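Analysis of the macromolecular model
As a plain string of letters, each chain reads:
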Amino acid sequence: MDKLLQTILEPMLDYPEELVIKRDETPHKVSYKISVHESDVGRIIGRGGRFIKALRIVVSNADRDASKKVFVDLH
């Protein structure tokens, strides 16, 4: 899943070298924390939050373990 996020996000960033993806897993949820350069934050959010919402949908549907909730947070 980390590789999927990296593949989606890197091409759209001005500073792809500053992309950091951290995974935090508990028995009931998986949380991905994305950190980017401050000038790239708007690109990740998108107009009206459309891109970050779409990214959350893709990640939650791509996860094979359906018993856990999946969260994507931008930090």
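The structure contained in this document is the topic of the report that follows. The structure presented is a predicted model; accordingly, all values stated were derived computationally and were not measured. (Residues numbered from 1 in each chain as written. Predicted model: local features only at pLDDT ≥ 70, side-chain atom pairs only at ≥ 80, totals over all residues. Heavy atoms only, no water.)

Let's talk about the packing of aromatic side chains
Where we set the bar: Each pair of aromatic rings taken from Phe, Tyr and Trp, with Trp reduced to its six-membered ring, is defined by centres within 6.5 Å and is described as stacked if the planes are under 30 degrees apart, edge-to-face if over 60, and tilted in the remaining cases. Any Lys NZ or Arg CZ found within 6 Å of a ring centre and within 35 degrees of that ring's normal is scored as a charge over the ring.
In the structure shown here, the tally under the stated rule is zero aromatic pairs. When the ring centre of Phe-71 is taken as origin, the NZ or CZ atom of Lys-29, which lies over that ring, is 5.5 Å away.

Quick word on the pattern of salt bridges
Opposite charge on two side chains permits pairing when their charged atoms draw close. Keep this limit in mind: Note on definitions: salt bridges are taken to be side-chain nitrogens of Lys or Arg within 4 Å of carboxyl oxygens of Asp or Glu. A 1.4 Å probe rolled over the protein chains alone gives each residue an accessible area, and that area as a share of the maximum for its type sets the label: buried under 20%, exposed over 50%, partly exposed in between. A run of DSSP states H or I qualifies as a helix once it reaches four residues; a run of E qualifies as a strand once it reaches two. Both are numbered from the N-terminal end.
Using the criterion set out here, one finds four salt bridges in the structure. Residues Glu-25 and Arg-23 are paired through a salt bridge, measuring 2.8 Å at the closest nitrogen-oxygen approach. Its relative accessible area of 42% is what places Arg-23 among the partly exposed residues. Notably, a salt bridge pairs Lys-68 with Glu-25, separated by 2.3 Å at the nearest N-O pair. Note that Lys-68 is positioned in the loop between helix 3 (50–62) and strand 3 (69–74) and Glu-25 in strand 1 (residues 20–25), a separation of 43 residues in sequence. For Glu-25, a relative accessible area of 40% gives the class partly exposed.

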